[in-house]
Amino acid sequence: LREEALQALERAQTSADLAAWRSTYLGKKGKLSQVLRGMGNLSPEERPIVGRLANDIKETLEQAYTERAEAVRQAELAAHLAADAVDVTLPGRRPPLGRLHPSTQVMREIERIFADLGFQVYASREVELDEYNFQLLNIPPHHPAREMQDTFYIERSPDENDVLLRTHTSPGQIHAMREFAAMNPDNPPPVRIMLPGMVYRHEQITPRSDIQFQQVEGLAIGHHITMADLKGTIEYFVRRLFGPERRLRFRASYFPFTEPSAEVDMDCLLCGGEGCRLCKGTGWLEIMGCGMVHPTVLRNGGYDPERYTGYAFGMGPARITMLKYGIEDIRYFWQNDLRFLEQF
Ligand code: PHE
């Protein structure tokens, strides 16, 4: 029995093996206990001899067990340490970092360029009254220009002053002008502001149009501001954003809140005017709307149109971003797919 037990103990590699060995040989129902229980059948002369022998074996086994257990414990500890070893000479792993959304990046670039020209950012609300979004901008109820901007209504009101989600950043013009004019009603100060923010339109979602998108609008008001100032400013801006070789075209257009109005086209980034898929063969890309602030709008803002003139322009950073990076579908901007966002 002793030889068998000692051999089995040698084969025990883990603490689980050891526990099993212990219960097999030294446990209450183990092999040694069986021998001791069988002593009742022995003669009185044999009992002390066998008893002593059994006790010897028990002691030997207990001691062998203790030694083996210590060896196994050491081996297990060593294996554990080896498995958990940290190689402090390895370079660290970078935790994944977030980043700014591509249109936020472009929005900031736009704001940066106009900041250099003396424009300050003016924040205004996304939930508007019909009055600010339309009427004070020279778009009375039932004006056909409302069809250019299908609207999400929050609350209809009987007096035609519904609560709605702004369809453009232009209502900020009125808020800003009124706040500035209130500082000095007889001689309102000049205005140079940027109006960035989210706008909403109740439209079909397509690769070219979404129901929610950012706009950024510029407004400059002062004495003797002319269309030439508008053109020069826009040209400077576009060349800083898209490169000094860009050519521009101001195309006559219509907005109720500017007169005259224009849309600005830039020569195509891909083909430089030859005509390609990006510009649909025309050689030109439309990038913004602009014009001289309508006298009615100036008056609604508290600025006397006999003494002040101004210009305004508005663009969609998503569209600018699409052109800058060659993105083909505006819907990527709000899908928040990391495979898209991580490219910028
Ligand atoms: N508000 C116009 C739009 O959303 C853009 C614009 C702004 C045009 C300012 C002229 C002047 O389409």
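The rules behind each value
Residues numbered from 1 in each chain as written. Predicted model: local features only at pLDDT ≥ 70, side-chain atom pairs only at ≥ 80, totals over all residues. Heavy atoms only, no water. UniProt positions renumbered as here; feature names shortened; annotations may be inferred. Helix = DSSP H or I, 4+ residues; strand = E, 2+ residues; numbered from the N terminus. Buried < 20%, exposed > 50% of the residue type's maximum accessible area, 1.4 Å probe, protein only. Contact = heavy atoms within 4.5 Å. Pairing = 2+ DSSP bridges. Axes fitted to C-alpha atoms, helices over the stretch in contact; angles between N-to-C directions. Phe/Tyr/Trp six-rings, centres within 6.5 Å; stacked < 30°, edge-to-face > 60°. Lys NZ or Arg CZ within 6 Å of the ring centre and 35° of its normal.

### Concerning the UniProt feature "domain: Aminoacyl-transfer RNA synthetases class-II family profile" (unreviewed entry) in the protein chain
No. 1: When the UniProt feature table is mapped onto this chain numbering, "domain: Aminoacyl-transfer RNA synthetases class-II family profile" (unreviewed entry) sits at residues 104-323.
No. 2: Across residues 104-323, helical content stands at 27% and strand content at 30%; the span's end C-alpha atoms are separated by 15 Å.

### Regarding the UniProt feature "binding site: Mg(2+)" (unreviewed entry) in the protein chain
No. 1: Mapped onto the present numbering, the UniProt feature "binding site: Mg(2+)" (unreviewed entry) falls on Glu259.
No. 2: Secondary-structure assignment places Glu259 in strand β8 (residues 258-267).
No. 3: For Glu259, a relative accessible area of 47% corresponds to the partly exposed category.
No. 4: Once you skip the residues sitting within four places of it in the chain, Glu259 turns out to touch Met292 and His294.

### Describing the environment of Ile154
No. 1: In this structure, Ile154 sits in strand β3 (residues 153-155).
No. 2: For Ile154, a relative accessible area of 46% puts it in the partly exposed group.
No. 3: With 86 residues separating them in the primary sequence, Ile154 and Arg240 have C-alpha atoms 39 Å apart.
No. 4: When neighbours within four sequence positions are excluded, Ile154 is seen to be in contact with Val127, Val163, Leu164 and Leu165.

### What about the sheet that holds strand β2 (residues 127-129)?
No. 1: Read from one edge of the open sheet, three strands run β2-β4-β3, paired in antiparallel fashion. A strand with exactly one partner marks an edge of an open sheet, and here the two such strands are β2 and β3. With direction set aside, neighbouring strand axes in the sheet form an average angle of 35°.

### Here we look at the packing of aromatic side chains
No. 1: Evaluation of the coordinates by the stated rule reveals 13 aromatic pairs.
No. 2: Centroid distance Tyr311 to Phe313: 6.4 Å. Interplanar angle 25°. Geometry classified as stacked.
No. 3: On the basis of relative accessible area, Tyr311 is assigned to the buried category, the value being 4%.
No. 4: Relative to Phe344, the ring of Phe340 lies with its centre 5.1 Å away and its plane at 65°, an arrangement referred to as edge-to-face.
No. 5: With relative accessibility at 9%, the residue Phe340 sits in the buried group.
No. 6: Residue class for Phe344 comes out buried when judged on its relative accessible area of 18%.
No. 7: Three or more aromatic residues joined by ring pairs form one cluster here, namely Phe114, Phe119, Phe237, Tyr311 and Phe313.
No. 8: For the cation-ring pair, Arg22 lies above Tyr65, with the distance from its terminal atom to the ring centre recorded as 4.8 Å.
No. 9: Sitting over the ring of Tyr153, Arg156 keeps its end group 3.6 Å from the ring centre.

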